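What the coordinates show
So the chains spell out like this:
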Amino acid sequence: MPKVVAGNWKMHYGPAETANYFARFRPDANPESVSLIFFVAGLSLHAAKTSARVPVELGVQSIHWEPSGALTGETSAEMAAEAGASFALVGHSERRHVFGETDAEVGRKVAAAVRAGLVPVVCVGELLEERRAGRLAEVLRRQVSAFLPSLQGGGRFMVAYEPVWAIGTGETATPQDASDAHGIVREALGELGRAPILYGGSVKSGNATALMSAPDVDGVLVGGASLDPEVFTKIAMAGDSAGGSTGGGSAG
Ligand code: 13P
């Protein structure tokens, strides 16, 4: 399985900046070794689709669970798919902690993604105080059990383990921390435990290789460092090497 190198641009880059970015993003990567996904603003999907010069897949950063309705400001999974997305982030820590998204809502959004034919990339991760209190496994199991029923009918999905204390802070989980947490998630997924599990949280060009070579780490979800096309090219190439080697984690 190829390693997954995904960029989450968050609320950055409208259509013109997106086109500029892709003019400069040209990794010489083998699609069989690394799969590149960009979670862009919905309004920039079209620009991304028409300006990317290398094979990339596109996703949105959030969806609503209803297919349509009087829900001002929201985007449905069906609309995202029609506009060119193949993936949807669900339950990103900023959605959970800034916008108050609950485990139950994450479950409904995963079901909506599956319904619309999008691949959900479901984010889980603990707060610093939860980790310090020895509650890592409990939190991850609770978050996984909330969306697992939405996947019972089948459909491709991924999980991103993003410890909240490592997002945008410069603090990174060690490769061992990532492997340990991914093992917990895999076990909690039960018979669906062969799905790819990505690590996210202050991934940079300097730590991407070590993280992607760790057991059970199938790729990375990158925030800040994905905003610079030259830096993200290096991370894509780290995925290319890790995915092409025999020593990395398995993506099942
Ligand atoms: P940073 O890479 O900026 O820490 O963000 C991680 C993240 O939230 C990716 O979804």
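What you are looking at is a predicted structure, and each value in this text was computed from that prediction instead of being measured.

Regarding the site of the ligand
Around the ligand, the neighbouring residues are Asn-8, Lys-10, His-92, Glu-162, Ala-166, Ile-167, Gly-168, Gly-201, Ser-202, Leu-221, Gly-223 and Gly-224. In the model, an oxygen atom of the ligand is placed 3.0 Å from a nitrogen or oxygen of the Asn-8 side chain. At 2.9 Å, a backbone N or O of Gly-223 approaches an oxygen atom of the ligand. Relative to its free-state accessible area of 310 Å², the ligand is covered by the protein chains to the extent of 96%. For the shell around the ligand, the class distribution of residues is 3 nonpolar, 7 polar and 2 charged.

Brief notes about the nonpolar core
Formed by 66 residues in total, the largest nonpolar core has its most connected members in Phe-25, Phe-38, Ile-63, Leu-118, Phe-147, Leu-189 and Tyr-199. When neighbours within four sequence positions are excluded, Ile-63 is seen to be in contact with Thr-75, Ser-76, Ala-77, Ala-80, Ala-88, Lys-109, Ala-112, Ala-113 and Leu-118. Met-158, Ala-160, Leu-198 and Leu-221 belong to the second largest nonpolar core, which has 13 residues in total.

Some remarks on the packing of aromatic side chains
Scanning the model with the defined rule gives 14 aromatic pairs in all. An angle of 70 degrees between the planes, with centres 5.6 Å apart, marks the rings of Trp-9 and Phe-38 as edge-to-face. Here Phe-38 lies in strand 2 (residues 34-39) and Trp-9 lies in the loop between strand 1 (3-8) and helix 1 (15-24), a separation of 29 residues in the sequence. Phe-38 shares its class with Trp-9; the two are buried. A ring pair is formed by Tyr-21 and Phe-38, whose centres lie 5.8 Å apart and whose planes are at 80 degrees; its orientation type is edge-to-face. Of this pair, Tyr-21 sits in helix 1 while Phe-38 sits in strand 2, and the two are 17 residues apart along the sequence. With respect to burial, Tyr-21 and Phe-38 carry one shared label: buried. Clustering of aromatic rings is evident, with ring pairs tying together Trp-9, Tyr-13, Tyr-21, Phe-22, Phe-25, Phe-38 and Phe-232. A cation over a ring is seen here: Arg-95 above Phe-99, with NZ or CZ 4.1 Å from the ring centre.

Some thoughts on the confidence of the model for the protein
The predicted model of the protein has a mean per-residue pLDDT of 95, with 97% of residues at 70 or higher. Ignoring residues within four places in sequence, the model shows residues 246-252, a span with pLDDT below 50, making 21 contacts including any to other chains.

Some details on unusual backbone geometry
Located in the positive-phi region is Lys-10, a residue other than glycine, with phi close to 55 degrees. The residue Asp-216 is not glycine, and still its phi comes out positive at about 75 degrees. Here Asp-216 falls in the partly exposed class, since its relative accessible area comes to 23%.

Observations concerning the environment of Leu-192
Note that Leu-192 resides in the loop between helix 8 (175-189) and strand 7 (197-200). Note: C-alpha distance between Leu-192 and Val-40 (152 residues apart in sequence) is 27 Å. Beyond its immediate stretch of four places on either side in the chain, Leu-192 contacts Leu-148, Leu-151, Gln-152 and Phe-157.

Quick word on the pairing of strand 4 (residues 87-90)
For a regular strand, side-chain orientation follows a simple rule: the groups alternate between the two sheet faces. Of the two faces of strand 4, the one lined by Phe-87 and Leu-89 and the one lined by Ala-88 and Val-90 are each fully buried. With 2 bridges joining them, strand 3 (residues 57-60) and strand 4 adopt parallel strand pairing. The residue bridging Val-60 from the neighbouring strand is Ala-88, located in strand 4. Taken together, strand 3, helix 3 (residues 77-82) and strand 4 form a β-α-β motif whose crossover is right-handed.

Things to note about the packing of helix 5 (residues 103-116) against helix 7 (residues 136-147)
The geometry of a pair of packed helices is captured by two quantities: the angle between their axes and the separation between those axes. Between helix 5 and helix 7, the least distance of the axes is 7 Å, while the angle of their chain directions is 40 degrees. It follows from the interaxial angle that helix 5 and helix 7 lie oblique. The way helix 5 lies across helix 7 gives a crossing that is right-handed. Here Asp-103, Val-106, Gly-107 and Val-110 of helix 5 lie close against helix 7, whose contacting residues are Arg-142, Gln-143, Ala-146 and Phe-147. Looking at side-chain class alone, the contact of helix 5 with helix 7 contains 4 nonpolar, 2 polar and 2 charged residues.

What counts, and at which threshold
Starting afresh in each chain, residues are numbered from 1 along the sequence in its written order. Side-chain atom pairs in this predicted model are given and counted only at pLDDT of 80 or more, local residue features only at pLDDT of at least 70, and totals for whole chains, interfaces and linings cover all residues. Water and hydrogen atoms play no part in the side-chain values, which are based on all heavy atoms of the structure. Proximity is defined per residue: any heavy atom of the residue falling within 4 Å of a molecule or strand makes that residue near it. Within 3.5 Å is the distance limit for a polar contact, defined as a pair of N or O atoms, with the added protein rule that one can donate a hydrogen and the other accept it, and that residues adjacent in sequence qualify only through two side-chain atoms. Only the protein chains shown count as cover for residues, and all accessible areas are computed by the Shrake-Rupley method using a 1.4 Å probe. Side-chain classes follow a simple rule in which Ala, Val, Leu, Ile, Met, Phe, Trp, Tyr, Cys and Pro form the nonpolar group, Asp, Glu, Lys and Arg form the charged group, and the remainder, Gly included, forms the polar group. To define a nonpolar core, start from buried Ala, Val, Leu, Ile, Met, Phe, Trp, Tyr and Cys residues and group those joined through side-chain atoms within 4.5 Å. Only protein chains enter the area calculation, which uses a 1.4 Å probe; residues under 20% of their type maximum are buried, those over 50% are exposed, and those in between are partly exposed. In what follows, residue pairs with any heavy atoms lying within 4.5 Å of each other are defined as contacts. Any Phe, Tyr or Trp ring, taking Trp's six-membered ring, that has another such ring centre within 6.5 Å forms a pair; planes under 30 degrees apart are called stacked, those over 60 apart edge-to-face, and the others tilted. Strands here are runs of E lasting at least two residues and helices are runs of H or I lasting at least four, both read from the DSSP assignment and numbered beginning at the N terminus. Any Lys NZ or Arg CZ that is within 6 Å of a ring centre and within 35 degrees of that ring's normal is treated as a charge sitting over the ring. What pLDDT expresses is the predictor's confidence in each residue, scored from 0 to 100. Here, any two strands with at least 2 DSSP bridges between them count as paired. Seen with its strands pointing away from the viewer, a crossover is right-handed if its path from the first strand over the helix to the second goes clockwise. Under this scheme, a helix contributes an axis fitted over its contacting stretch, all axes are lines through C-alpha atoms, and angles between N-to-C directions fall in the 0 to 180 degree range. Oblique is the label for every angle not falling under 35 degrees (roughly parallel), over 145 degrees (roughly antiparallel), or within 65 to 115 degrees (roughly perpendicular). Rotating anticlockwise by less than a right angle from the far helix to the near helix defines a left-handed crossing, while the corresponding clockwise rotation defines a right-handed one.

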